[in-house]
Amino acid sequence: MAENLETAVKQICRKNGNDRTRMMDIVREVQDRFGQVSSQAMNTIARAVNSHRVEVESVVSFYSFLSEEPKGKFVIRLCNDIIDKMQGVEKVAEAFREELGIDFGESTSDGKFTLEWTPCIGMCDQAPAALVNNKVVTRLSSDSAREIVKSLKQNGDEDHLMHMLGDGNNADPLVNSMVNNNIRERGPVVFADLEPGTAIHKALSMSAVEVIKDVKTARLRGRGGAGFPTGMKWEFTRAASGSDKVVICNADEGEPGTFKDRTILTEKPDLLFEGMTIAGYAIGARTGVLYLRGEYAYLRPFLERILAQRRNKNLLGMSILGKAGFDFDIRIQMGAGAYVCGEETALISSCEGLRGDPKNRPPFPAQKGYLTLPTSVNNVETFCCVARILDKGAGWFAEMGSAGSTGTKLLSISGDCTRPGVYELEFGITVSEMLEKAGAENAYAVQVGGPSGQLIGEADFHRKICYDDVATGGAVMIFNRDRNPLEIAHEFMEFFCEESCGYCTPCRVGNELLKQRLEAIIAGKGTPEDLDYLEQLGKTVAVASRCGLGQTSSNPVRTSLKNFRGEYEKLVRENSDGMQRTFDIHKALAAGEDLQGRKSVIYAD
Amino acid sequence: MSDKIKFTMDGVEIEATQGQTIMQAADEAGMYIPRLCAHKDLLPFGSCRVCTVMVNDRPQTACTQPVSPGMSVESETEELNDIRRSIVEMLFVEGNHYCPFCEKSGNCELQALGYRLGMLAPRYPYMFNKHDVDASHPDIYIDHNRCILCARCVRSSKELDGKNVFQFVGRGIHKRVAFNSDTDLSGTDVSVTDKAIENCPVGAILKKRSAYAVPIGKRKYDSQPLGSDIESRKAAVKQG
């Protein structure tokens, strides 16, 4: 057995060229094959790729889909984000616990099942949802949870779970998924048709500099949320010196409440790859990488087929569409469950086979990115916009939206509304108009831009969705009056604590402290001074953190405090007796009592 | 010389060499910027965030940010020093730092920085996280309770010792330093003479049989605060 492991792991390493920068592929494959990356496997990998055991352990311990401890044949990862909780995930969880006789974080003794919680898997519009290995199961109930366990036990594979397939390409044999697209409104940029190759053909009739100029004229800004001008990013990357240049597509949408890229990857992959290829031409790159989040592994075979088809049509490969010297291809890099990898420099670290730690800037990726090559990282939706701009013209694109935010934006809307799903809307639409489209009549609070965005109340519903007003990468979560803004903020703080890479102090420690104090306030143990404490601490985390995750991680607390201060004030009260309410004498004495083997006489109860 | 540039820090004009970081230039000018993870012999890392300064009104870490002509840097402001104190306090509550009986007391950079920044008690509640101690090595012991995750051991081992003894595992609050061994520290090729051991700023990596060798009053930071060595250059710079 041990010899088998050694041989198989060596073979996996060899298949990946014994290349330590392909560590993600190596450890993912070992995990899939053996249900763990054991200590012995780590030693073998380290020797094969000429690295060190602790470096392998460093990677394995970072990603939540990888583990040193053995996992069951079926790993059920139930999504515990706030929308799933609102849709009754706890009942589903209870059914899984009962059927399997284990709790979350445990495996059955026969090694068949592991039960885990996982943050947002991009299915908020069809929650509660879970991953069963690479397959997604949606709209769960306690009954369907029991059926899932029964089917897995009977059939011995997860493919049999897909007896009802979703709409569109979800029913494609290579996707074979029960996920529904839920595309509610199709706009002219992303969800319109395009004959593959048309936009590339137009781009190739222009010079690379002219292509960049077109993107600049269209005033396209990054769709991931930060809104950096795409043309400028490309210009920097093109201007940087390097033997090769790299185009990376960030398909790691992990922001809770975001699922727009899921629909693009399912329905518009050709448009996306078209945009990436145009980017390759514009910046002078030969290498393209699609970084696909681990949760979307079910789309990989389908996406590989689309890539193969494009190679056959000479839309990828050497001398694309006969253009001598324009060689470009795309490979898919799988992630393994780490939100921080959506941050572009962390994503590059991950592509290089490292922990998903963000990198210091400068140098910026445009100067030194993937394997020190000049790199442009852009969002899935951004590439789609590029292809459309080249096809329809920069002027056509810039006429839509508002002056600072041209074109359309995909919004993934979920929560307390009757029409959750994906909407392609022109920038500049107001929050109220958006809520009306989604069928949200009793909205009390709206989380725009996901946890790293802001929680706004009615007073802000007249504002516009655009980069200069209410900015968003696409996530919109709606909450009615039954929901408590503090609990919403607490959910999101738990998320950031879980997903912080731990590199820098303010994010690693500060978010834990914010979460703890919020818990104290929710438990009725807060004082009015605690609100200043949250404000100060939140600001320190925002100012001093190293990357975008940390800099925005205190937003749930800061924006809920700003826009729903009354809710906080209801819960805190003056400390009139001078006692510290968060102090629990029994808890404090517990360790001492344990050591002494007797109960405290003074604090008997 | 063409690669010389000028910028201002806290209103003082500083001459620097193109390619230097703000911290390197400020050090040469005898202006101390508080720090923990930065070390003169190691590449910039930027993890503790104590050296956060405002560069043209944007927060940047002085240890990683290169100088540029005409830039305006603020460092010794009440707001920035409060952020620094706040970060030091976070490190105090994250770990378990028992200064009164720690062997590193008086020579500890975390403790000395707390004093320098005027920290009294942390404003945050102690977390009392559980951490391991590894005393398996004959000459070295490691107490994770006192580790501040500055990566000086990780970097020193790679950059200065030509080894790879330490690396981080886990993430978030569960992040910790691990050893290149499937057992414990004794299973690595670490040596007591490694720079990785010497460069630990706190009492997390200690040499056995050397504790309390220096009496109170003669320890490194007993009579002069952290950063004095850099600030003493100021006089020299002025005279020069």
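Residues numbered from 1 in each chain as written. Chains lettered and ligands numbered in written order. Predicted model: local features only at pLDDT ≥ 70, side-chain atom pairs only at ≥ 80, totals over all residues.

How would you summarise the overall build of chain A if you had to cite specific residues and measurements?
Along the backbone of chain A there are 24 helices and 17 strands. Computed over the C-alpha atoms, the radius of gyration of chain A is 25 Å, within 12% of the 25 Å expected from 2.2 N^0.38 for a compact globule of 605 residues. Taking the principal axes of the C-alpha coordinates as reference, chain A spans close to 90 × 65 × 50 Å. For chain A, the proportion of its 605 residues judged to be buried stands at 56%. Considering only contacts within chain A whose residues lie at least 6 apart along the sequence, 72% involve residues at least 24 apart. (Helix = DSSP H or I, 4+ residues; strand = E, 2+ residues; numbered from the N terminus. Rg over C-alpha atoms; globule rule 2.2 N^0.38 Å. Buried ≥ 20, exposed ≤ 12 C-beta atoms within 10 Å, placed from the backbone. Contact = placed C-beta atoms within 7 Å.)

Please set out the interface of chain A and chain B residue by residue, giving values where relevant.
With 30 residues of chain A at the contact, the number on the chain B side is 29 residues. Sorting the residues of the side of chain A that touches chain B by element identifies α3 (39–48), α4 (53–60), α18 (485–499), α19 (505–522) and α20 (528–544) of chain A as the ones contributing at least two each. Counting residues per element, the side of chain A that touches chain B draws most heavily on α19 of chain A, at 7 residues. Across the side of chain A that touches chain B, the residue classes tally to 12 nonpolar, 11 polar and 7 charged. (Nonpolar A, V, L, I, M, F, W, Y, C, P; charged D, E, K, R; others polar.)

Any details on the confidence of the model for chain B? Residues and values, ideally.
Of the residues in chain B, 97% reach a pLDDT of 70 or more, and the chain-wide mean stands at 95. Interface confidence for the predicted complex, given as ipTM, is 0.97, next to a pTM of 0.96. (pLDDT = per-residue confidence, 0-100.)

So what's going on with the sheet that holds strand β4 (residues 58–61) of chain B? Which residues, and what values?
All names here are of chain B. If you trace the 5 strands from one edge of the open sheet to the other, you get β2-β1-β5-β3-β4, paired in mixed fashion. This sheet does not close on itself; its edge strands, each paired only once, are β2 (12–17) and β4. Adjacent strand axes in the sheet meet at a mean angle of 40° when their direction is disregarded. The pairing of strand β1 (residues 4–9) with strand β5 (residues 72–74) spans 2 bridges and is parallel. Considered in β5, the bridge of Thr8 is made with Ser72. (Pairing = 2+ DSSP bridges. Axes fitted to C-alpha atoms, helices over the stretch in contact; angles between N-to-C directions.)

Let's hear about helix α15 (residues 380–392) of chain A: which residues, and what values?
All names here are of chain A. In a regular helix each residue adds 1.5 Å, so 13 residues correspond to 18 Å; α15 covers 19 Å between its end C-alpha atoms and thus fits that length. Listed in full, the buried residues belonging to α15 are Val380, Glu381, Thr382, Phe383, Cys384, Cys385, Val386, Ala387, Arg388, Ile389, Leu390 and Asp391. Following α15 by one or two positions, Gly393 has its phi on the positive side, about 105°. (Expected span 1.5 Å × (residues − 1).)

Tell me about the nonpolar core, and please be specific about residues and values.
All names here are of chain A. The biggest cluster of nonpolar side chains holds 243 residues, and the ones touching the most others in it are Ile45, Phe96, Ile248, Ile278, Cys384, Val386 and Ile478. When residues of this core are assigned to their parent elements, the largest contribution, 9 residues, is made by helix α12 (residues 269–283). Filtering out sequence-adjacent residues up to four positions away, Val386 remains in contact with Val215, Leu220, Gly275, Ile278 and Ala279. (Core = buried A, V, L, I, M, F, W, Y, C linked by C-beta atoms within 7 Å.)

Residue-level account of the packing of helix α9 (residues 208–217) of chain A against α15 of chain A, with values.
All names here are of chain A. Following both chains from N to C, one finds α9 and α15 inclined at 105°, their axes separated by 10 Å at the closest point. One way to sum up the angle between α9 and α15 is to call them roughly perpendicular. Every residue of α15 that contacts α9 at Val211, Asp214 and Val215 is listed here: Val386, Ile389 and Leu390. Taken together, the residues that form the contact of α9 with α15 break down as 5 nonpolar, no polar and 1 charged. (Parallel < 35°, antiparallel > 145°, perpendicular 65-115°, else oblique.)

Let's hear about the environment of Glu29 of chain A: which residues, and what values?
Positionally, Glu29 of chain A belongs in helix α2 (residues 23–34). Residues Glu29 of chain A and Glu235 of chain A, spaced 206 residues apart in sequence, show a C-alpha to C-alpha distance of 37 Å.

Outline the domain arrangement of chain A, listing residues and values.
Reports often express the size of an interface as the amount of accessible area lost when the parts come together. All names here are of chain A. Looking at chain A, the domain boundaries give domain 1 (2–60), domain 2 (74–163), domain 3 (185–399), domain 4 (405–483) and domain 5 (486–571). On a C-alpha basis, the centroid separation for the pair domain 3 and domain 4 is 26 Å. Broken down by secondary-structure element, the contributors of at least two residues to the side of domain 3 that touches domain 4 are α11 (260–267), α15 and α16 (394–398). Residues of the side of domain 3 that touches domain 4, tallied by class, amount to 10 nonpolar, 7 polar and 8 charged. (Domains from an automatic or database assignment.)

Got a sec to walk through the packing of α19 of chain A against helix α2 (residues 78–94) of chain B? Specific residues and values, please.
The interhelical angle for the contact between α19 of chain A and α2 of chain B, taken along N-to-C directions, is 65°, at an axis separation of 10 Å. Note that α19 of chain A runs across α2 of chain B; the crossing there is left-handed. Packed against α19 of chain A, whose contacting residues are Thr505, Pro506, Val509 and Gly510 of chain A, the element α2 of chain B presents Ile87, Met90, Leu91 and Glu94 of chain B at the interface. In the contact of α19 of chain A with α2 of chain B, the residues fall into 5 nonpolar, 2 polar and 1 charged. (Left-handed = near helix turned anticlockwise from the far one by under 90°.)

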